[in-house]
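Analysis of the macromolecular model
Here is what each chain is made of, one letter per residue.
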There are 2 protein chains.
Amino acid sequence: MIDLKSLAPLFRPASIAIVGASDNPAKIGGLPIRYLKAAGFSGAIHPVNPARETVQGLTAWPRLADIPGDVDLVVIAVPARDVRGVLLKAAEKGVKGAIIFSAGFAELGASGAVEQAELAAIGRGAGIRMLGPNCSGFANFSNGAWVTFAPLLGEGQARPGNVGMVSQSGAFANFGYRVGRDRGVAFSQWITTGNAIDVDVADGVAFLADDPQTKAILFYMEGCADGRKFADALAFARSKKKPVIGVKVGATGAGAAAVGSHTASLAGADHVFDAVMRQHGVYRARTVEELFDIGYAAANGAAPVNDKVAIASISGGVGVLLADAAASCGLDVAPMPAAAQDTIRGIIPFAGATNPVDVTAQVINDLDLLEKCLDVILQQGEYGTVACFMGYLGLSEEYSPRILPLLNAIRARRPDSTVVFSTLFRPEIRAQLVAEGHLFFEEPTHAIRAVSALRGFADSFSRQAEAAPQLEKPAPALAGAEGALNEFDSLSLLREAGVPAVAPLRVRFEEEARRAFRALAKDRPGPVVLKILSSDLMHKSDVGGVALGLETEDAAAEAFARITSLVAENAPDARTEGCLLAPMMWGGVETILGVARDPIFGPVVMFGLGGVFAETLKDVTFRVAPFGEEEAARMIGEIRASAVLGGVRGAPAVDRAALARALSTLSRFAAANADRIESVDVNPFLVRPEGAVALDAVVTARARE
Amino acid sequence: MIDLKSLAPLFRPASIAIVGASDNPAKIGGLPIRYLKAAGFSGAIHPVNPARETVQGLTAWPRLADIPGDVDLVVIAVPARDVRGVLLKAAEKGVKGAIIFSAGFAELGASGAVEQAELAAIGRGAGIRMLGPNCSGFANFSNGAWVTFAPLLGEGQARPGNVGMVSQSGAFANFGYRVGRDRGVAFSQWITTGNAIDVDVADGVAFLADDPQTKAILFYMEGCADGRKFADALAFARSKKKPVIGVKVGATGAGAAAVGSHTASLAGADHVFDAVMRQHGVYRARTVEELFDIGYAAANGAAPVNDKVAIASISGGVGVLLADAAASCGLDVAPMPAAAQDTIRGIIPFAGATNPVDVTAQVINDLDLLEKCLDVILQQGEYGTVACFMGYLGLSEEYSPRILPLLNAIRARRPDSTVVFSTLFRPEIRAQLVAEGHLFFEEPTHAIRAVSALRGFADSFSRQAEAAPQLEKPAPALAGAEGALNEFDSLSLLREAGVPAVAPLRVRFEEEARRAFRALAKDRPGPVVLKILSSDLMHKSDVGGVALGLETEDAAAEAFARITSLVAENAPDARTEGCLLAPMMWGGVETILGVARDPIFGPVVMFGLGGVFAETLKDVTFRVAPFGEEEAARMIGEIRASAVLGGVRGAPAVDRAALARALSTLSRFAAANADRIESVDVNPFLVRPEGAVALDAVVTARARE
């Protein structure tokens, strides 16, 4: 788990030294001092500058060592070549945190990476937690620790807020700070990690999850060196019930290539990042405004208590647009109860009183009518959320000042309701609404998007109780293995792990085929299948290595002779180990379960349907192992073709619970044997109306190092 | 086709009478007079008010009849009950256009609808083109004809613009006017249709397509009474190379239900509207801001000459985000040529010079560097588009004034390039950029979305040359038919229409089965299939009515006996007409072609894959008939599972051209017989590596009225 305690001297320093301190408050070494003073930082500020007595009015020290007392945090604003020396001095001084503004390390290529690795080693050895290099620092708005040279932060913000942001990119963080403020976000913490020599986005998320001032967490990420730490941080944030909204770039080939050329980060496989975020209830934003809109909503909005959304609109048309938007994201635009409709029409005679409610232009001149309607909707309608669209009411000098009292009154009477307001606003009206923590959006559909996101967070938090998956012991069979195990051993391994799989019998000569047939027939009469056993052959039927529907022991014996000779002829180089005889199974849906090893996140489980679905149409979904059965059930529902499991063309529905159990079990097996498994391919995994069974499988062990 | 000439007196009146004229410039009957005067309308303005000598300083007339000379347009601002009388007087006066502001008609229910129908009949009889009732009128910004009471229009706009909007909803149009202006849109025309007694969204689109001041067309629509007219209007706009961007609400069940309760409009089947829009190159917007953002781009941006997009970003991270966005919408983030990379690094030493180009913060202080880089990118890189992200440069008092000259210089040198700029802006800088028609977006990903839309319009316009599909003559066989035709007749009908289909032989007794087998074997030896012939049986195999793989005439004869007796036993009530014998066909992909009759758009062709794809997974796509083969090819590419046609699991790719030909032929057949066809179901339509063939089909004729 992430070591939060060691981050405290870095992010909540009592004393800060600035090496490379400048008397010029516009320079990189001068800006943090200016900001710290302006923001009212209450700790000690120690400029280090051998050429000056004072810096910006503060006593300057020639060297770090000269500073009296302890220094929690050192800010390193010197050229790249001097960083190492400063860090060594900081270690001698017993400093516990360092921020390296300096650029010129891993982002420049191999030699820079070597120098960066040296810094990392020094820091690790001395127990110094480090931010950067090539970063813009951080700003803690609750204690005035603005340890950054980012120019826009200098303009200040209206109030210390409740949204924490951690960004790998300084430029993104700078831009985002402005976009966020314009969209109602007030920041609690603002952190940039740059080359992330030590503290990375995961540490930032965990720190923010633990920060009492932070209610919602935003991140911007390009790549990730330690997937487990990232997943742990997200899990920690969820355990603290803090919504996390993230931008992860490099989603496409073009983007991933650009990440590579832009920083030293691994973009990683996007479908795996996507799975990790989904698994931990992270809202993945695809645009800058979306990141901050949802962040603003998460920090200010009450989570809707149910999926029911009422829409109250001054425009019937926009009301319909919002109903479409709400239905599209899975919210329930339930009809208004008849009694409530009557009440509404009693308030506004010409109102459309179903849902959406068309409150008509009459409410503009008389906002009391709107307030009464909203009360009726929330009270009689039992909607968790009301989304209210009021056109450009917020631009009216006459009427807009009434919006805030109206929203306050409703909140006072119904604190558990989610109210989201949409109108074009005069800036001063916006500012009031922000200050009082109301939810509003100029674009009406974004109000619905926000409600959907809030509902998603609530869902995610409610899943905390799901049993943590228990890992089994590593499988002894894998300890000595290397490369692909044959079908017999692979199926055995899965069965031992608890994944249902056929138990074929091995057959080495014709007479054994007869004997095996009889043995199977005793337990379970019916046709059998005979297959060549060879881990060299991926497509056994292509070389004549499969015989289906054998109904007698004679047929089984003949098939053995035929198969072995055909394979010898068609694939003379394949090593074979006889054949497998197994009962034939049919009825149900063929699926594919897989495990692959992701370089960042470790074993990842894949699920898809057989036939063309997984292989041709890429209709598959992923989760990082291990996970429980409820998570597996969500996974199953994510593929586009999941309706096929519901029973089609007269076939009965299949056993999704058995499938979910198998996926979860496979994930626990994969996690327990993470260091020994290269991949698992269960294909087909037949899900039947009752139960499920693996018919074929290949487990591949990792090569020895 | 739409009668544009008759719309001229309505939308470009030389003289306007206002019945219900008020001296109070804030009232519904006073606002249009105030606006007409303020906007400098050059024609005659005639207030009609029996109680006053003058209205707002203009001579008032007691009655319409008293006005000297011709009146083009009458504005009716009286209570609903008086509208009919005014309209009759207008007809007597020879007025050619009428705007009915008054509410209280079809939107109130059945009795209002009757009164509205009476107005329609009066207008039609007198040749009066009518807007409304229950509408907010229109504003023509090029001639000052602001014939509306919409309050916000009164605030004026900076310049007559080039974006025309037609909206069914007045409230949406009002809100949109403000949102649009805020997002850079300058309007040429602003039209609301309300209950659309006569002039509807389609007329508006056609008028705007014909309007020389209008460069891009926006619409907002809830429902549509005349689908053909709407499609014609979109086709006309495309022929004029005017981009159309539309919001059509009622996309979901919740939304469609709300449309029903909100207006008298038919929401219609959303998948059909969607198909019509796609077919005509309309950009369907899902949010309000998207409508206006794309409208702004379409009115100002040069269409990109190719799909290649270069990204120049001050933030590497946002550069990657934009690369992801571009790749996701099908644009080509092609790498920068090596020579261009060298040139860029010569200009900015630490630039990331691939694509995205990371221009670094160095350019802020020296925008000449950026200008040089953009030149190199466009010239040496041969990119049709460059998207430039500059963070919050536009907020800088010092540097932002340099943005406009930079963009002007680049446009002067490279007028064929599309340049789109993203930064946060000071309002005055924004205004300058709008005034000079540059493309910019505060949200960086919206810059990419706009480029993608512009590229889509260019594609759509380039398709004009595609041959218009020729309709065949109506099929005589359908003239007398009613209900479902049997398989034999259905297949024959399709073959006659030019859709490839098997030609089975009819078999009425065992000996005929032998004869038919021999006849088929002569042309095409191989196994045959025998099927019961009955239009009462939808699932023939369920009742034992199908025998596959018959290889001898004996087998065929036996099968005939077996099938007829099984069907008699299992489905004693089904009327049968013997059997059909046909060659067995396999190899290829089973698809489904269908025709359904949409109440708004007439015959609609559906395409999907067989098996679970169409029926369970609803992976189908639609087009309104008729359409050509190139449109059919696009249709085929739209289904999610289209990769299956490319050959999977070792199977060869199938003949997409034959499939496209069949879809287009089917569409022409459906259109030619639109009044006689209820539906067509071709299932399966087997698409083979070479050629394609319908194996089974049901054509259902419409019931006689």
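Residues numbered from 1 in each chain as written. Chains lettered and ligands numbered in written order. Predicted model: local features only at pLDDT ≥ 70, side-chain atom pairs only at ≥ 80, totals over all residues. Heavy atoms only, no water.

**A few points about the relation of the copies chain A and chain B**
Each of the two chain copies goes to the other by way of a rotation about an axis and a shift along it. Each copy of the sequence occupies a distinct position, and chain A is placed on chain B by a rotation of 180° and an axial shift of 0.0 Å, giving an RMSD of 0.1 Å. In the structure described here, the two chain copies are related by an operation that fits a two-fold rotation axis. Residue by residue, 100% of the interface of chain A is reproduced at the interface of chain B, so both copies engage with the same surface. (Least-squares fit on C-alpha atoms with pLDDT ≥ 70 in both. Contact = heavy atoms within 4.5 Å.)

**A short note on the domain arrangement of chain A**
The domains assigned to chain A are domain 1 (1-135), domain 2 (157-300), domain 3 (301-464), domain 4 (503-583) and domain 5 (589-701). Spacing between the C-alpha centres of domain 3 of chain A and domain 5 of chain A amounts to 42 Å. (Domains from an automatic or database assignment.)

**A short note on the UniProt feature "domain: CoA-binding" (unreviewed entry) in chain A**
The UniProt feature table records "domain: CoA-binding" (unreviewed entry) at residues 10-105 of chain A. Here residues 10-105 of chain A runs as 25% helix and 23% strand, with 21 Å between its end C-alpha atoms. (UniProt positions renumbered as here; feature names shortened; annotations may be inferred. Helix = DSSP H or I, 4+ residues; strand = E, 2+ residues; numbered from the N terminus.)

**Focus: the packing of aromatic side chains**
Centre distance and the angle of the planes are the two values used to describe a pair of aromatic rings. Residues and elements named next belong to chain B. Applying the stated criterion across every chain, the model contains 35 aromatic pairs over all chains. With centroids separated by 4.5 Å and ring planes inclined at 35°, the aromatic side chains of phenylalanine 11 and phenylalanine 207 adopt a geometry described as tilted. One end of the pair, phenylalanine 11, is in helix H1 (residues 8-11); the other, phenylalanine 207, is in helix H6 (residues 201-210), with 196 residues separating them in the sequence. Judged by relative accessible area, which is 0%, phenylalanine 11 ranks as buried. Look at phenylalanine 101 and phenylalanine 149: their rings are 4.8 Å apart centre to centre, the planes differ by 75°, and that puts the pair in the edge-to-face class. Here phenylalanine 149 lies in the loop between strand S9 (145-148) and strand S10 (163-167) and phenylalanine 101 lies in the loop between strand S6 (97-100) and helix H4 (110-126), a separation of 48 residues in the sequence. A single burial state applies to phenylalanine 101 and to phenylalanine 149, both of which are buried. (Phe/Tyr/Trp six-rings, centres within 6.5 Å; stacked < 30°, edge-to-face > 60°. Buried < 20%, exposed > 50% of the residue type's maximum accessible area, 1.4 Å probe, protein only.)

**Re the sheet that holds strand S21 (residues 505-507) of chain B**
Residues and elements named next belong to chain B. Reading across from one edge, S21-S24-S22-S23 is the order of the four strands in this open sheet, with antiparallel pairing throughout. Edge strands, defined here as strands with exactly one partner in the open sheet, are S21 and strand S23 (546-550). Between one strand axis and the next, the sheet turns by 25° as a mean value, whatever way the strands run. Strand direction decides the pairing type here: strand S22 (residues 528-532) and S23, joined by three bridges, are antiparallel. Of the residues in S23, the one forming a bridge with lysine 531 is valine 546. (Pairing = 2+ DSSP bridges. Axes fitted to C-alpha atoms, helices over the stretch in contact; angles between N-to-C directions.)

**Side note on the pairing of strand S2 (residues 44-48) of chain B**
All names here are of chain B. With four of five residues buried, S2 is to be regarded as a mostly interior element. Two elements, strand S1 (residues 15-19) and S2, share five bridges in a ladder whose sense is parallel. Bridge pairing in S2 places alanine 17 opposite histidine 46. A crossover connection joins S1 to the parallel S2 through helix H2 (residues 31-38); in handedness this β-α-β unit is right-handed. (Right-handed = clockwise from strand over helix to strand, strands pointing away.)

**Observations concerning the interface of chain A and chain B**
How big an interface is tends to be reported as the loss of accessible area on association of its parts. Chain A puts 67 residues into the contact, and the matching count from chain B is 67 residues. Where chain A packs against chain B, one counts zero salt bridges. Only helix H5 (170-182), helix H8 (253-262), helix H10 (288-300), helix H11 (316-328), helix H17 (444-462) and helix H22 (612-615) of chain A provide two or more residues apiece to the side of chain A that touches chain B. (Salt bridge = Lys/Arg side-chain N within 4 Å of Asp/Glu carboxyl O.)

**Notes on H10 of chain A**
All names here are of chain A. The terminal C-alpha atoms of H10, which comprises 13 residues, lie 19 Å apart, in line with the 18 Å expected from a rise of 1.5 Å per residue. Of all 13 residues in H10, 13 are buried, a share of seventy percent or more. Taking the backbone nitrogen of glutamate 290 as reference, a side-chain oxygen 3.0 Å away marks threonine 287 as the first, capping residue of H10. (Expected span 1.5 Å × (residues − 1). Polar contact = N/O pair within 3.5 Å; in protein donor to acceptor, adjacent residues only side chain to side chain.)

**Observations regarding empty space enclosed by the protein**
Think of a ball as big as a water molecule: rolled over the atoms, this probe shows where empty space is left. Within this structure, the stated rule accounts for three cavities of 30 Å³ or more. If you add up the space inside the largest cavity, you get close to 70 Å³. If you trace the largest cavity, you find it lined by Phe613, Leu617, Asp619, Arg640 and Ala641 of chain A together with Phe613, Leu617, Asp619, Arg640 and Ala641 of chain B. A breakdown of the residues in the lining of the largest cavity according to their chemical character gives six nonpolar, no polar and four charged. If you add up the space inside the second largest cavity, you get close to 50 Å³. Considering the residues around the second largest cavity, the lining is formed by Leu234, Ala237, Arg238, Lys242, Pro243, Val244, His280, Gly281, Val282, Phe457, Ser460 and Phe461 of chain B. Put simply, the parts of the chain that give the lining of the second largest cavity at least two residues each are helix H7 (227-239) and helix H17 (444-462) of chain B. The class makeup of the residues in the lining of the second largest cavity is seven nonpolar, three polar and two charged. Taken together, domain 2 (157-300) and domain 3 (302-464) of chain B each give at least three residues to the lining of the second largest cavity, which thus spans both. (1 Å grid on protein atoms, 1.4 Å probe; cavity = no way out; pocket = protein on both sides within 12 Å on 5 of 7 lines; lining within 4 Å. Points joined across faces, edges and corners; volume = space filled by probe spheres on them. Nonpolar A, V, L, I, M, F, W, Y, C, P; charged D, E, K, R; others polar.)

**Section: the state of the cysteines**
Evaluated as defined, the whole model comprises zero disulfides over all chains. Cysteine 373 of chain A carries a free sulfur, and the closest cysteine sulfur to it, the one in cysteine 388 of chain A, is 9.4 Å from it. A relative accessible area of 0% means that cysteine 373 of chain A is categorised as buried. Lacking any disulfide linkage, cysteine 224 of chain B is separated from the closest cysteine sulfur, that of cysteine 135 of chain B, by 18 Å. The exposure class of cysteine 224 of chain B is buried, given its relative accessible area of 7%. (Disulfide = S-S within 2.5 Å.)

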